[in-house]
Amino acid sequence: MPSPDRPPAAGREGAAGRPNQVVEQLFRHTSGRIVATLARTLGPARLDLAEEAVQEALLRALQRWPYTGVPDNPAGWLFHVARNTALDRVRHDEVARAKLPLLALPERADVPGTDDELALMFLCCHPGLPVASQVVLTLKTVGGLGVDEIAAALLAQPATVAQRLVRAKRWLRENPVPLEVDQSRVDSVLAVLYLLFDAGYDAVEGDSAVRGELCGEAVRLCRLLRADDRTDLPRTRALLALMLLQGSRLGARTDPRGDILLLADQDRSRWDRGMIAEGTRLFGSSCTGDERSAFHVEAAIALCHTMAPDVEHTDWARIVALYDDLLALKPSPVAALNRAIAAAMAGDLDHRELERLEHEPALRDYHLLPAVLGALWLRSGRPDTAAGYYRTALTKRISTPTRRFLERQLDRCVSHPTG
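Criteria and cut-off values
- Residues numbered from 1 in each chain as written.
- Predicted model: local features only at pLDDT ≥ 70, side-chain atom pairs only at ≥ 80, totals over all residues.
- Heavy atoms only, no water.
- Axes fitted to C-alpha atoms, helices over the stretch in contact; angles between N-to-C directions.
- Helix = DSSP H or I, 4+ residues; strand = E, 2+ residues; numbered from the N terminus.
- Parallel < 35°, antiparallel > 145°, perpendicular 65-115°, else oblique.
- Left-handed = near helix turned anticlockwise from the far one by under 90°.
- Contact = heavy atoms within 4.5 Å.
- Nonpolar A, V, L, I, M, F, W, Y, C, P; charged D, E, K, R; others polar.
- Buried < 20%, exposed > 50% of the residue type's maximum accessible area, 1.4 Å probe, protein only.
- Core = buried A, V, L, I, M, F, W, Y, C linked by side-chain atoms within 4.5 Å.
- pLDDT = per-residue confidence, 0-100.
- Lys, Arg positive; Asp, Glu negative; His and termini not counted.
- Salt bridge = Lys/Arg side-chain N within 4 Å of Asp/Glu carboxyl O.
- Polar contact = N/O pair within 3.5 Å; in protein donor to acceptor, adjacent residues only side chain to side chain.
- Expected span 1.5 Å × (residues − 1).

Right, let's get into the packing of helix α12 (residues 234–247) against helix α13 (residues 273–286). Contact geometry for α12 and α13: axes closest at 8 Å, N-to-C directions at 160°. Comparing the axis directions of α12 and α13 gives the class roughly antiparallel. Crossing hand, α12 versus α13: left-handed. Counting all contacts with α12, which are made through P234, R237, A238, L240, A241, L244, L245 and G247, the residues of α13 involved are M275, I276, E278, G279, T280, L282, F283, S285 and S286. Partitioned by chemical class, the residues of the contact of α12 with α13 number ten nonpolar, five polar and two charged.

For the rest of this paragraph, the subject is helix α8 (residues 147–154). Regarding α8, the residues found buried are I150, A151, A152 and A153. Close packing links the buried residues of α8 with α7 (131–141), α9 (158–174) and α10 (186–201).

Quick look at the nonpolar core now. Of all hydrophobic cores here, the largest spans 100 residues; its most connected members are L120, M121 and L193. Of all hydrophobic cores here, the second largest spans 26 residues; its members include L357, L369, A387 and I398.

Summing up the model confidence of the chain, the mean pLDDT is 83 and the portion of residues at 70 or higher is 86%. Counting contacts from residues 1–17, a segment whose pLDDT is below 50, to residues more than four positions away or on other chains yields 37 contacts. Considering only residues more than four positions removed or in separate chains, one finds that residues 94–109, a stretch of pLDDT under 50, has 31 contacts.

Packing of α10 against α12 leaves a shortest axis separation of 11 Å and a crossing angle of 5°. Classified by the angle between their axes, α10 and α12 sit roughly parallel to one another. On the side of α10, the interface is formed by V186, D187, L190, L193, Y194, F197 and Y201, while α12 contributes R235, T236, L239, L242, M243, Q246 and G247. A per-class count over the contact of α10 with α12 returns nine nonpolar, three polar and two charged.

Here R249 lies in the loop between α12 and α13. Buried R249, no salt bridge; nearest opposite-charge side chain is D202, N-O distance 8.7 Å. A distance of 2.8 Å separates polar atoms of two side chains, one belonging to R249 and the other to Q246. Discounting residues that sit within four places of it in the chain, R249 has contacts with Y201, L263, Q266, W271, A302 and H305.

Take helix α16 (residues 333–345) next. With 13 residues, α16 extends 19 Å from end C-alpha to end C-alpha; this agrees with the ideal 18 Å at 1.5 Å per step. What α16 keeps buried is the set A335, A336, L337, A340, A342, A343 and A344. Each element contacted by the buried residues of α16 is listed here: α15 (316–329), α17 (351–358) and α18 (368–379). Looking one or two residues past α16, G347 carries a phi angle of roughly 90°, positive in sign.

Tallied over the full model, the rule gives 25 salt bridges. Put simply, R60 and E56 hold a salt bridge, and the shortest N to O gap is 3.2 Å. In this pair, R60 and E56 are both assigned in helix α3 (residues 47–68), four residues apart and thus about one turn of the helix distant. With a relative accessible area of 24%, E56 lands in the partly exposed category. For the salt bridge of D259 with R404, the shortest nitrogen-to-oxygen distance reads 2.5 Å. With D259 in the loop between α12 and α13 and R404 in helix α20 (residues 400–415), this residue pair connects regions lying 145 residues apart in the sequence. Through salt bridges with shared partners, one network takes in D48, E51, K140, K169 and R173.

This is the structure in structure tokens:
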């Protein structure tokens, strides 16, 4: 492996011209794996050191690659720099100095394997940590999300997320635990991957309505679980099927400008048929035996949408029934809101349920609630009422494309106040 001070020549033609994009991709798809390998060597108590070393490597790449070109093996370059950074810091740490022989093993030109990354997911979901801390630690360490992104995904405050991260890492320092795959934590890992996918599918902040790289990372990590005999469970397959069926629509969810397109306005010919086919097969294989998880029900809902030729011919009654099943398995305000939407599409708008959801504390900062209420009232011929809800939605934390969409909807209400 060449020294990080003199990286190899640029790889594929054009790669040197987009170092920032390469680093961003590596951050999403490789940094968690490098952190995992360093954490196995240093010990989970030194997770902070592993993360800092990888961050330093990424920063050096951003500083140097625009001038030197992207290396032939950029992921290996990052691993080498992160490893050397960890070496330098360990040399000055008496407690960690015992790890020097392990870090100083002969250099590798490749990138660490996936076993460490799988084990890191399970470490972050250790039962000694509160569930909320498990979620934020996994999203940060393995998923690569920032504090603000995690807060948006969890409908929480950034300060709360930051505090949970600090407490989780302190617990790991004070309670040495092995880095291993523990089947008893599968459900916690699946729940976090679901949140990671959702954070990309409906981006709450930034200039993009969707963040396909986050969805792709969630799919990749879920495939790791699927590929391991210890974690290849029916609910694992159901979640992966759900991600693929939902992810098949990503290319059609926005227009050329990047603005959101509602389901009724999407060009279904742009849905990825390969992902739909794989998701359908996986869903079928997940339905063997007696297990029926919330992921099974959500995948069945997604399948209803992918099988329909258009919105009008969607089996909304079936979807309402599936949401009833989901609420029985895993009650949540978001599921209740989605059921209300499906019921309205089926011709059974329940105003009392919508009023109840308006007072649900968990939905207080959720922009989709007032946005949905605005859409339903507009659909019902009450643009004046809809306008009030769209104004409320615009006060929430939303992405730039979502803001433009809501503003257009508000303009429709104001332009036709009497419907």
